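Coordinate inspection notes
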Amino acid sequence: MNLTRRHFLGLGGAAAAAVGIAPLLVTRSGPAQAAAPAASFPYTLTDAQWQERLTREQYQVLRRDGTERPYSSSLNDEHRNGTFACAGCEHPLFSSSTKFDSGTGWPSFWQPLPSAVGETRDRSFGMTRTAVHCANCGGHLGHVFDDGPRPTGLRYCMNGVAMTFAPQA
């Protein structure tokens with residue numbers, strides 16, 4: 001079997017979840033911070049308003065940079081035509097036409113909708129990655145990697161709990 005790094009990491013996470021040692025959500029160590037100050041985004045709420053609006057899992061991912069367990073989101077298996085939007089503010093993020101099966105356990109896309117997302121450097125867990133956030137509310141969505149399919153070569157690896165799906169009518 002030829003395992004890529006992402007398959008190895010996905011299998012490790014799935015194995016940890018299977019034996020019950022992985023929590024529902026993993027958050028970075030240290031003080032949790034939003035992707036950027038809330039005032040820099042068109043859609044803003046207070047922390048208390050976010051907690052009221054979102055489920056516990058959505059809050060941990062969108063507002064505290066958490067990560068859901070691999071293979072825990074039904075959106076990973078969503079194959080209908082439609083649009084994936086931010087669970088925090090309903091801002092459209094990805095078209096289903098750019099979704100692909102990355103084998104990682106998280107919904108993956110090769111391109112976001114125009115002006116839908118922003119990116120920041122994430123230096124957590126002893127590595128440097130590119131974090132992806134909603135351009136409208138700043139909610140943390142996941143990370144982007146350069147091992148995706150054509151035409152972009154990118155893999156936007158998103159937390160399903162951070163998104164909603166609206167099927168095309």
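Given the structure is predicted, the values throughout are model-derived calculations rather than measurements.

Concerning the overall build of the chain
Along its length, the chain carries three helices and 11 strands. Every one of the 169 residues in the chain was classed for burial, and the buried ones make up 43%. Put simply, of all contacts in the chain between residues at least 6 apart along the chain, 61% involve residues at least 24 apart. Counting every atom, the chain has about 9000 Å² of accessible surface; 53% of that belongs to carbon and sulfur.

Digging into the nonpolar core
Membership of the largest hydrophobic core comes to 26 residues, with the highest contact counts inside it found for L93, F94, V117, L141, Y156, M158 and M163. For this core, the secondary structure elements donating two or more residues are α3 (56-62), β3 (82-86), β4 (92-95), β8 (129-134), β9 (140-145), β10 (155-158) and β11 (163-167). In terms of residue count, α3 provides more of this core than any other element does, three residues in total. Once you skip the residues sitting within four places of it in the chain, M158 turns out to touch E68, F94, W106, P107, F109, V132, L141, G142, H143 and M163.

Some points on the pattern of salt bridges
Within the structure shown, the criterion is met by five salt bridges. Among the salt bridges present, the one from E57 reaches R56, with a minimum N-O distance of 3.3 Å. One salt bridge in this structure joins R80 and E78, with 2.7 Å as the shortest N-O distance. Given a relative accessible area of 46%, R80 falls into the partly exposed group. Of the residues examined, E78 reaches a relative accessible area of 12% and is grouped as buried.

Quick notes on the side chain of S73
Tracing the chain through its elements places S73 in the loop between β2 (67-68) and β3. Within the structure, S73 has its side chain in polar contact with the backbone nitrogen of L75 (distance 3.0 Å). With residues near it in sequence (within four places) discarded, S73 still touches E68, G160 and V161.

Some thoughts on the sheet that holds β10
In space, the six strands of this open sheet follow the order β5-β6-β10-β9-β8-β7, with antiparallel pairing throughout. Since the sheet does not close on itself, it has two edges, and those belong to β5 (99-100) and β7 (117-122), each with one partner. Bridge analysis of strand β6 (residues 108-109) against β10 gives two bridges, and the strand direction is antiparallel. Across the sheet, the residue bridging to F109 is Y156, located in β10.

So, the pairing of β4
Both β3 and β4 contribute to a ladder of three bridges, which runs antiparallel. When the bridges of β4 are listed, T83 appears paired with S95. Hairpin remark: β3 followed by β4, antiparallel, with five residues in the connecting loop; positive phi at E90, about 70°.

Notes on the pairing of β8
Taking burial as the measure, the six residues of β8 include six buried ones, the bulk of the element. Relative to β8, β7 runs antiparallel, the two sharing six bridges. In the sheet register, R121 faces β8, and the bridge partner there is T130. Count of turn residues in the β7/β8 antiparallel hairpin: six residues, of which F125 carries a positive phi of about 60°. Between β8 and β9, which pair antiparallel in sequence order, lie five residues; one of them, G138, sits at a positive phi of approximately 80°.

Rules used in this analysis
- Every chain is numbered on its own, with residues counted from 1 as its sequence reads.
- Since the coordinates come from a predicted model, pLDDT governs what is reported: local features require at least 70, and pairs of side-chain atoms require 80 or more to be given and counted, while whole-chain, interface and lining totals use all residues.
- Where side-chain values are given, they derive from all heavy atoms of the structure, hydrogens and water being excluded.
- For the purposes of this entry, the term helix denotes a DSSP run of H or I that reaches at least four residues, the term strand denotes a run of E that reaches at least two, and both are numbered from the N terminus.
- Partly exposed describes any residue whose relative accessible area lies between the buried limit of under 20% and the exposed limit of over 50%, with all areas from a 1.4 Å probe on protein chains only and scaled to the type maximum.
- Here a residue-residue contact requires only that any non-hydrogen atoms of the pair lie within 4.5 Å.
- For every accessible area listed, the method is Shrake-Rupley and the probe measures 1.4 Å; residues are considered covered only by the protein chains on display.
- The term nonpolar core refers to a set of buried residues drawn from Ala, Val, Leu, Ile, Met, Phe, Trp, Tyr and Cys, joined through side-chain atoms within 4.5 Å.
- By convention in these notes, a salt bridge is any Lys or Arg side-chain nitrogen within 4 Å of a carboxyl oxygen on Asp or Glu.
- Two N or O atoms count as a polar contact when they lie within 3.5 Å, although within protein this holds only if one can serve as hydrogen donor and the other as acceptor, and sequence-adjacent residues are included solely when both atoms are side-chain atoms.
- At least two DSSP bridges between two strands are required for those strands to pair.

Read these as geometric descriptors, not functional statements.
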